[in-house]
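Now for the letters of each chain:
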Amino acid sequence: MLQAKIVVIGSINMDLVTRASKFPRAGETLLGNSFHRFMGGKGANQAIAAARLGADVCIVGAVGDDDFGYEMTTNLCREGIFTEHIQTLTGLPSGMANITVADDENAIIVIAGANMGLTIADIENAEQQIASADVVLSQLEIPMDCVITAAKLAKKYGKPFILNPAPAQFLPSELWELVTLLTPNRYELADCLGLSQDLNPEELILKAPCPVLMTMGDKGAVYKDGKDSLRYVSSFKVDTADTTGASDAFNGALSVFWNQGIETAVRKACAAAALSITQDGAQNGMPFKEELEQFLAAHQ
């Protein structure tokens, strides 16, 4: 089978992770259980997820001219990812995320930093990579005009454009028309559409103006098939250590297996997401191809 070529356009962050028994209330100080530093960012996470599953991956993004930036770029190179389209910006710090993990939930505050210094020109400079890609994958931790430019280039060359709309925001109509597949959770989809989060998943999916694959955590995922019926794909039961990178593992795997058809790709993406939460740290938990194959074989 040919190696999938994936272009990821997105964020590169350092994750600062605190574990505690519960989330603090407003004004409350708690003693935490542990603190760790992990490399993250939705773009970098998804790039590593795809690379570990055997894809040829190029990432387009930006870091600060600081220790975090150097460390994160070096790590992406070590994972076999093409990093020539990572910009190193002076005057802006590298992006970072403050993550609190309590039980099997997490809360995240992202500081965009250099990620918001990415420009349309930076995306256009990667046009050759987009033209030769099998899938172009992006998120919303970078400027919206960069996401739209990437989507336009993907359409120009007839490439699938998968958008993971996180952190969620209302999407302009221009972008809806360019997206091949949107991969939100329920709350993200409501925000993208500007609708009430009280609507059920089925109503939200049917109101979306582009194809949607909704992730539902430990319940798996749901999408509308070619007959306009909703198709549910179950998740896999595992022992949970850290859910931080689950959606990124899902999207990275989805892009890698896209050419195998939506049903197969979603099942493998659910499996990759399940494996990813068995270890601490978003990138640490991204499974390798052999791990995923063994896991799937054991869960026929």
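What you are looking at is a predicted structure, and each value in this text was computed from that prediction instead of being measured.

Asks: Would you mind going over the nonpolar core in detail, with residue names and values included?
Replies: Membership of the largest hydrophobic core comes to 52 residues, with the highest contact counts inside it found for Val 57, Phe 250, Leu 254 and Val 266. Residue contributions to this core peak at nine residues, all from helix H10 (residues 262-276). With residues near it in sequence (within four places) discarded, Val 266 still touches Leu 213, Ala 221, Tyr 223, Val 233, Phe 250 and Leu 254. In terms of nonpolar packing, the next biggest core, distinct from the first, is built from 43 residues, Ile 9, Leu 163, Ala 190 and Cys 210 among them.

Asks: Give me the lowdown on the side chain of Ser 11, citing residues and values where you can.
Replies: Looking at the element boundaries, Ser 11 is found in the loop between strand S1 (5-9) and strand S2 (13-20). Residue Ser 11 is classed as buried on the basis of its relative accessible area of 0%. Engagement of the side chain of Ser 11 in a polar contact is seen with the backbone nitrogen of Lys 42, the distance being 3.0 Å. Apart from residues no more than four positions distant in its own chain, Ser 11 is found in contact with Gly 41, Lys 42, Gly 43, Ala 44, Asn 115, Gln 139, Glu 141 and Ile 142.

Asks: Could you give me a rundown of the pairing of strand S12 (residues 221-224), with the residues and numbers involved?
Replies: Where strand S11 (residues 213-215) meets S12, three bridges bridge the pair, whose relative direction is antiparallel. When the bridges of S12 are listed, Leu 213 appears paired with Tyr 223. Joining the antiparallel neighbours S11 and S12 is a turn of five residues, in which Gly 217 adopts a positive phi near 60 degrees.

Reading guide: rules and limits
- Residues numbered from 1 in each chain as written.
- Predicted model: local features only at pLDDT ≥ 70, side-chain atom pairs only at ≥ 80, totals over all residues.
- Heavy atoms only, no water.
- Core = buried A, V, L, I, M, F, W, Y, C linked by side-chain atoms within 4.5 Å.
- Buried < 20%, exposed > 50% of the residue type's maximum accessible area, 1.4 Å probe, protein only.
- Helix = DSSP H or I, 4+ residues; strand = E, 2+ residues; numbered from the N terminus.
- Contact = heavy atoms within 4.5 Å.
- Polar contact = N/O pair within 3.5 Å; in protein donor to acceptor, adjacent residues only side chain to side chain.
- Pairing = 2+ DSSP bridges.

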